[in-house]
Amino acid sequence: AESPRSRTTMQKVLFVAILVASLCACAWAETKDLGNIDLSNINDISITALLIKTNIRVVAVGASTPTLNVKVVADSIPSSATLDKIVRRNGDAFVIANLDGNTGVPVPGGNGNTNTSGASALRASMGLLGAVLANAIGVLLMCQRKSTSAIVLCIAIICASALPSVFAPSAPQVELTLNVPNGYVFGSVTVRIADGSVLAAGPVTVRSASLDLCGNQNNFVNLASVTALRQLIICAGGQVTLTDMRQSSALLTNITSTNGAASVSYASSYVGKYSLISRTGAATTTGGPCQSGAASGSSNGPSTTSGSCQGDIYTDPALNIDAYGAVEVNFGVPVCQAGWLGDPVGEFAPPTSPAMSPNRPAETQGLNPSSLWTVYNDWSYIQTETDVSNGFEATMNPWMPQYQFLTSSGSLPLLRGGISHSFSMKFRTTRVWGNTPQLGSITAFIAANPVWDPDWKMNETIFDTQITSSLIHSGTPVTSGFTAGADMPFTFTFTPSADTSNARLIVRIYFSGQVQNSTWTLGFRDIQLTRQATAWTTPTTVSGASEKVTIPKMPAALDPNPRTANECPHLRSGLKHWHDPATWSNNQVPSPASVITLPANTSVLISSCSLDRAAIYQKIVVPASSQLIFADAPISLLVRNIFVEGKLFIGAPGCRIHSPITITFMGAKSFSDEIATGFGTKGIGVAGSGSIDIHGYQFHPTWTRLSATIKPGDNRVYLQDAVNWAVGQKLVVATSIYKDYEEDQNEEVEIVSISEDGKVLEVSPTFQFLHYGGSEYQSEVGLLSRRIVLQGDYVSDNENFGGHVMVMGEGRFSGVQFYKMGQQNMLARYPVHWHLIGSSPSSYATDNSFWSGFYRCISIHATHDTTVLRNVAYATSGHCYYLEEGVEENNTLSYNLAVHIRCIGPPMEGGGQRGQVFAEDSTALLPADRAAAGFYITNAYNTITGNAASGGWAGFSFPNLPTPLGFNRNRAFSPQRRVSKLFDGNTAHSSGYHFVGDGGCIYIGGKLWYENDVLTYDNGRYERGTSANTLPGTANYIDPLWMSFTNTKAWLCQIGLSHWGERADVNHYEVHDSARSVQLFGESWYGNALVNGKTGNPNGFPYEQTQMGFQFYDTWVKTMVTNVVFRNFVPRPNSDPDWYGKRTILTSLNFSDKFKPQGISATARITFENVPPEIRIGHTLVNSGSARYFNFVDWDGSFVGANGPRIVGSAHEGDWWNFDAGCEKRTEWNVWLCPKSGTREIGNLEIYVPIQVAGPGGAMFDFITNWDLGPSGGYPANDDWKIGNMSLFGPGIPAGRKTAITRNPGVTGVTNIGWYMYLHAGTPRTMKIHTYVIPRGGFIMFAVRYPQSCTFDITIRHDWIGSNDLWKTVTSATSFTEVLNSDGLKYYWDSNNGFLFLKLRIFDAPYAQPGDQNPSFDGFTRDGVTIFSISQPQSYLVNANCGAGDFYRVSDVHPTNYWV
């Protein structure tokens, strides 16, 4: 028998033997440290090991840079096993080789075979010996009874069984240690290992990781305290264990174990969806709270379960596990309970886009309403139509003819070239067959641009004579299958050869005889037009580059966004949780129904679980010493009022929030100051001591333009710029038609798929309208969705009363969607409102969207130096980007988009330069909102660059404010005097047409002022005189400054840029598909431009609209047009008889006799492309002064096609402008073209006769004066207004070249020649000759006849000077030649022939000081062209003493012989 002591001794011997054997085996291996690799410049790392066992260990260290340590473990390590040989590096990719240098993948380096050393064979022998020994000992011990020794025996057997593997020959292996500094974040980690493992001991953070260890069933992954932000993909042959995991708000986790189990536990509560599969075991979950969905299976597998945690807080993250063995998931501690560690790291990655559909979808459009159709018969009668279910019926009168016609009332939807279409309907007639004539056939036709009877009646004759020529498709007649009283299907299939946008459908229904004498009906139901599906082909795309202008694009780089603990308020230490009772003074979380005031000197954090998501918080107050901070987590807050005296943070400038956060402002309309005094209600108020920061994920660019045209039925959007937008987001594509306000063709769609390069979007639903993306211009595409949303509630639409944000401190907003915001007709209640801050360079609004708003977008109110950048606005009411009082300066508005801005009330109209006048009232608190613009610039001294405006009353509006408004009303400052600081690279389209004839996409005009303390707006002609002198009531011509518009582009406008102002430069400009290119007043230059009358847009400028390239004004301006290309103007020969309807390039303004053009217009370097010569000039010879004196100087002859400069003058009666032997009359233009040679320029005189005569109705007027006789204003003049003639005389000028003088003063002609005046009533005793335009060095020899016995008193006066001492006296000369050679201070009286001669010229103003610019001579010069100034003050006063009477009758004798 064995004693207990002996058994114990034996056990000890056994343990010692096994231990010694193990230690010997282990000591046999050799380890070599090859060194460290510096990873400081690597953001993404890839490790591949295919031929050698590799174990990776990831540890968090206190170092400053990441490193990769490499060790080799083997029985024998050759000296050739160096770091460079074992680790092959190519950039950020590392490939691990075996000891012979072979990698198994194509990387630089040698190759070789894996060897087993002799030491490995010895190890095998030792292992075998150990196994035999252990088994022998086991046999002896198993003979004993169950006892302690038996237990030891079992242990021995197990250990001995393991010895073969311990002592077996071992293959070499590599040990990699990835040392990650605390807080360091790798962009991505990719691992591919054929044999080995990955272990991590954090905390370690990586944006995405992909671990592929599927090749061996012993490969395992064990991660502890690891945070993946976007994607974690793991595949292992063996066990996968994740402990103490932290997720982001957008993490996708996919785990696969092909031969092992999977276990996951979260440090804090998981939020998101999950799907778990165990092939051979159970799939179980703990923690939560989670809601499980479908579950199936047993503990022996297969077992599945799925569901979601935290309800719908997260929609992005997902956990998917598929394991061979058991699956266990612990979803962590429930949120906001003891032990909860806070929200997961906020991280957003756009969801993976599904593949784009290869086909353009089929589309069926219902056409059932009777309003879309008209039914005619062969006698042209229009039948009565009544809508019924799914169609309509037409009541037919008795005794109707054989042919009936169903025609589309308007154009069909766009027919696509090369795509099969089908028209189908069900046809029914109540006509009874029998002995009466039967239905014989139904035939369908498609006509392109058909034109028939103006009453739109149709019959067989009209069809044969007027429609047949426009048919593009004719169907095969259907002649059978007709049953009276039953639905008869009818289908017409056709394939257009090209896109057709103005097509009509005509269905001809034929009966074999006339209809019986009874009322009957034709019914049409289920009417459809179907466009069949077709494969997408990549269209030809455009870059968006322009010919004459440079439109800047927003920089491609994203804003810096480090999102470190230093940048992110929600990551700072010392924060108190909102949901923690200990945060609050009474140890109780406040009720949402109460006024919640944060504790003083406290920073309170709102987490995803802090708020009652169903409750409405009435008011939250942030004291001056406190901060309210939102976590980067999904948060939804329903609130009425928030008042910030301290700080409110939802992110920060360097910490954009990635999670979805929504603040909804609740409640009905109220006029009370519930937030605080002056801050109103239903919104956020920020006091002067406070600040607000709201910063969401940056989607970039926020808007771009099409690179290819979208056609109806398309579901793809081709973009000019790559975007980082996400599937599921909404966007708007702007209109491509002229009148956006009348027909809203802006379309809102949702992104379904995105191409890899980010330049092609698949959207839903399909587009209804065409959106042009041709080479000339392209519609804008704006992103509406953002991750952070501030919005009005569901009742906001009832009274246009949404939320608002009013800031008197600092306000910074980026990446925010403002939806249903603003409170209509309530001052200061706008989506974003910087209110009376003064200089605020730290305030900005960037990358936001303003969508379906009730009142404005961004208001800059008595605030300066702010930045408004990259915002998108769509379908908002009232002026959108808004400078409120006119004092706002040095702000920057760049790269912003405004689409479909709506007026408040009916849009203001007007015509003939006169607008409408409205005062403030309850329907429009700011009357100018009746002419709402995308950009409303009350003070031009701001930087406005790279913006785009689509629609609105105008795209950009510069109203004239004589004085500021509101709080600055009494400030001695005139905003309308301020010049543009920078207006460059802006575009506008689809607006400007409400103010007929004068409105523009860019409109500088209108006036906003106080009339009897009531704010009043007139949208008509009001000029601005820009000057360095901004004092109201003073002369604006002192220190004049020019408004400047550079790199400006407009299309689909009435006028591209309409400028009522005294000084403007428009340099580098393009305009397409518009009624007129620009309208300029004052001293203005328009150069380096392209004017394109017709583009490739099939919905471009309407053909029936009048169109012209440009129009020179008729008086008191200076306008020059240089280096302009006019292209694609198509004449309309059947248009109105005047030139307005004929689409001419240059159309004269000719209706006035009161206003007469001086020498005020010039052109140079003009080019015509696809413009017939006959429409270069459109000038109608009407009976008016503006028609007689129409003129301009073609400085190089390029406009008229001449070789050299030309003076162009009207070919009116009398040939007044035929002043030279080289003149040529162009009858197609109704002008004379004369060489501009020598010193001849264009001059102008205005002769006043202050002698009272009886006018119409018996009233007394001066004989020649500015007549203003009622609404007509004295224009045009009738023949009885012609009171005389002005005739040319001089060398080579025959008698008879003359022009009429009317009772409205003013004659324009050429200088350095003679002008002879004859009045039918006689020469006046006194007259005043204003020498308005006589350029320096030039003169006009003025002649007039008097009776022979006369004396004269002639002086030169300056009407702005009252002192007679400064007047000049004109003295008598002895001959005509003496006067001709004089300095203008002589006159010659030929008493024998009764001629008085004066040499009229302009003198320097007597008040001028040395060095002063003289307004009498200083012309306006741009681009090498000069227009001379109009000198208003100087005049010659002629008093004649020829006896009694006011007029001296003389004969009309031409002074031919004086100057030869």
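Residues numbered from 1 in each chain as written. Predicted model: local features only at pLDDT ≥ 70, side-chain atom pairs only at ≥ 80, totals over all residues. Heavy atoms only, no water.

**Q** Got a minute to help me understand the pattern of salt bridges in this structure?
**A** Where charged atoms from two side chains of opposite charge come close, those side chains can pair. This structure, assessed with the given rule, holds 45 salt bridges. Ionic pairing is found between Asp 797 and Lys 820, a salt bridge with its closest N-O pair at 2.7 Å. Taken as a pair, Asp 797 in the loop between strand E49 (788–792) and strand E50 (804–807) and Lys 820 in the loop between strand E52 (816–819) and strand E53 (832–839) lie far apart in primary sequence, 23 residues in all. A residue is classified by how much of its surface remains accessible, and Asp 797, at 38% relative accessible area, is partly exposed. Several salt bridges converge on common partners, so that one network encompasses Arg 360, Arg 416, Asp 499, Lys 711 and Asp 714. (Salt bridge = Lys/Arg side-chain N within 4 Å of Asp/Glu carboxyl O. Helix = DSSP H or I, 4+ residues; strand = E, 2+ residues; numbered from the N terminus. Buried < 20%, exposed > 50% of the residue type's maximum accessible area, 1.4 Å probe, protein only.)

**Q** What am I meant to see in the nonpolar core here?
**A** The tendency in soluble globular proteins is for nonpolar side chains to be buried side by side. Residues Trp 578, Leu 790 and Tyr 1086 are the most contacted members of the largest nonpolar core, which totals 131 residues. By residue number, the principal contributor to this core is strand E38 (residues 635–644), which donates 5 residues. Contacts of Trp 578, omitting those with residues within four sequence positions, involve Trp 584, Val 589, Ile 596, Leu 598, Val 604, Leu 605, Ile 606, Ser 610, Leu 611, Tyr 617, Ile 620 and Leu 628. Formed by 63 residues, the second largest nonpolar core is a distinct cluster that contains Ile 45, Val 226, Ala 236 and Val 327. (Core = buried A, V, L, I, M, F, W, Y, C linked by side-chain atoms within 4.5 Å. Contact = heavy atoms within 4.5 Å.)

**Q** Sorry, what's going on with the confidence of the model for the chain here?
**A** Any segment with low pLDDT has predicted coordinates that should not be analysed in fine detail. A residue-level look at the chain finds 86% of positions with pLDDT of 70 or above and a mean pLDDT of 86. Taken together, the stretch residues 107–169 has pLDDT below 50 and engages in 73 contacts with residues farther than four places along the chain or on a different chain. Within the model, the stretch residues 1268–1274 combines pLDDT values under 50 with 12 contacts to residues more than four positions away or in other chains. (pLDDT = per-residue confidence, 0-100.)

**Q** Explain the side chain of Ser 840 to me, please; I cannot follow it from the model alone.
**A** Among the structural elements, Ser 840 can be located in the loop between E53 and strand E54 (844–846). Not counting residues up to four positions away in its chain, the partners in contact with Ser 840 are Gly 809, Thr 863, His 864, Asp 865 and Thr 866.

**Q** Would you take a moment to explain the packing of aromatic side chains for this structure?
**A** Between two aromatic rings, the relevant description is the distance of the centres plus the angle of the planes. Inspection of the entire model under this criterion finds 66 aromatic pairs. With a centroid separation of 5.5 Å and an interplanar angle of 35°, the aromatic rings of Tyr 1086 and Phe 1110 are classed as tilted. Here Tyr 1086, found in strand E77 (residues 1083–1092), pairs with Phe 1110, found in the loop between E77 and strand E78 (1118–1127); they are 24 residues apart in sequence, far enough to count as distant. Note on Tyr 1086: relative accessible area 0%, which makes it buried. Classification of Phe 1110 by relative accessible area gives buried; the value is 2%. Among the aromatic residues, ring-to-ring pairing joins Tyr 1069, Tyr 1086, Phe 1110, Phe 1112, Phe 1126, Phe 1168, Phe 1190, Phe 1192 and Phe 1199 into one connected group. Against the face of Tyr 882 rests Arg 856, its NZ or CZ located 3.9 Å from the ring centre. Above the plane of the ring of Tyr 941 lies Arg 978, whose end atom (NZ or CZ) is 4.2 Å from the centre. (Phe/Tyr/Trp six-rings, centres within 6.5 Å; stacked < 30°, edge-to-face > 60°. Lys NZ or Arg CZ within 6 Å of the ring centre and 35° of its normal.)

**Q** Explain the sheet that holds strand E25 (residues 403–408) to me, please; I cannot follow it from the model alone.
**A** Each strand in a sheet pairs with another by means of backbone hydrogen bonds, the pair being arranged parallel or else antiparallel. The strand order E22-E25-E30-E27-E28 describes an open sheet built from 5 strands, whose pairing is antiparallel. The open sheet is flanked by strand E22 (373–377) and strand E28 (471–474), the only strands paired with a single partner. Going from strand to strand, the sheet's axes swing by 20° on average, the running direction of each strand aside. As paired elements, strand E27 (residues 439–448) and strand E30 (residues 503–511) share 9 bridges and run antiparallel to each other. By the bridge assignment, Ser 441 is partnered in E30 with Tyr 510. (Pairing = 2+ DSSP bridges. Axes fitted to C-alpha atoms, helices over the stretch in contact; angles between N-to-C directions.)

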